[in-house]
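Chain and residue survey
Listed below, chain by chain, are the residues.
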Amino acid sequence: MSQIIQKGKELIRINPSNKNEIQYSVNNGENWNRRSLQSDDFTFLLDCGEELLAITKNGKQISYSKNNGENWFKRGVANSSFNEFHSITLNGSEILATTDKGLYYSRNKGENWNLRN
C-alpha cells in the first residue's frame, strides 16, 4: 500500500514500485520526483511535524528525516521482545508502534520502545 503525506505544498510517498525510494510531488500527484534513494527498504511513513519518521530495514529500524525525506538517519531498532515494526502513529506526546508482539510506545521520538500493557 502506498502512503502519501502532505507537507506544505508537497505530497511525499514511498515509491510503490521501489521501496528504497522516497518521492515528492508539487502538482497534486500528477508527476513524482525522486527525493532520496536509500538502501533502507521503506515500509511506512509518519509525519511528526518537524520530522518524518519511517519504518525501514524490513521492519527492523526507525529512521528519521528533518528535510522532508531527502536524508535519513537511524533512530531506533526493533528489539528481541518484539522483532518487527508494522506501523507507527502519533498519540499526543507518544509514538505508538504495532509490532508482531503487541503495542509498543515511545516517548523519545522512537529511540526506545516499551510494551503497552
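Located above this text is the structure these notes cover.
This structure is a prediction, so every number in the text was calculated from the model and none was measured.

Okay, the sheet that holds strand β6 (residues 52-56) next. Sheet architecture is open: four strands sit in the order β5-β6-β7-β8, paired in antiparallel fashion. Edge positions in the open sheet fall to β5 (44-47) and β8 (73-77), since each of these has one partner strand only. For this sheet the average axis-to-axis angle between neighbouring strands, irrespective of direction, equals 25 degrees. Pairing between β5 and β6: four bridges, direction antiparallel. Across the sheet, residue Phe 44 finds its bridge partner in β6, namely Ile 55.

All chains considered together, the criterion is met by five aromatic pairs. Geometrically, the ring pair formed by Tyr 64 and Phe 73 is tilted, given 5.7 Å between the ring centres and 40 degrees between the ring planes. Relative accessible area serves as the criterion here: at 46%, Phe 73 is assigned to the partly exposed category. Note on Phe 82 and Phe 85: the rings are 5.1 Å apart at their centroids and 65 degrees apart in plane angle, and the pair reads as edge-to-face. As far as burial versus exposure is concerned, Phe 82 and Phe 85 are alike and both buried. A network of ring pairs unites the aromatic residues Phe 82, Phe 85, Tyr 104 and Trp 113 as a single cluster.

Read across the open sheet, the four strands follow the order β1-β2-β3-β4; overall the sheet is antiparallel. One side of each edge strand has no neighbouring strand; the edge strands of this open sheet are β1 (4-7) and β4 (33-37). With strand direction ignored, the average angle separating the axes of adjacent strands in the sheet is 30 degrees.

Before going further, it helps to spend a moment on the pairing of β1. Taking every second residue as pointing to the same face, the buried face of β1 carries Ile 5 and Lys 7, while none of Ile 4 and Gln 6 on the other face is buried. Where β1 lies against strand β2 (residues 10-14), four bridges are found, and the strand directions are antiparallel. Along β2, the bridge assignment pairs Ile 4 with Arg 13. Taken together, β1 and the strand that follows it, β2, pair antiparallel across an intervening segment of two residues, in which Gly 8 is found at a positive phi of about 60 degrees.

Rules used in this analysis
- Residues numbered from 1 in each chain as written.
- Predicted model: local features only at pLDDT ≥ 70, side-chain atom pairs only at ≥ 80, totals over all residues.
- Heavy atoms only, no water.
- Pairing = 2+ DSSP bridges.
- Helix = DSSP H or I, 4+ residues; strand = E, 2+ residues; numbered from the N terminus.
- Axes fitted to C-alpha atoms, helices over the stretch in contact; angles between N-to-C directions.
- Phe/Tyr/Trp six-rings, centres within 6.5 Å; stacked < 30°, edge-to-face > 60°.
- Buried < 20%, exposed > 50% of the residue type's maximum accessible area, 1.4 Å probe, protein only.

Everything listed is a geometric property; what it means functionally is a separate question.
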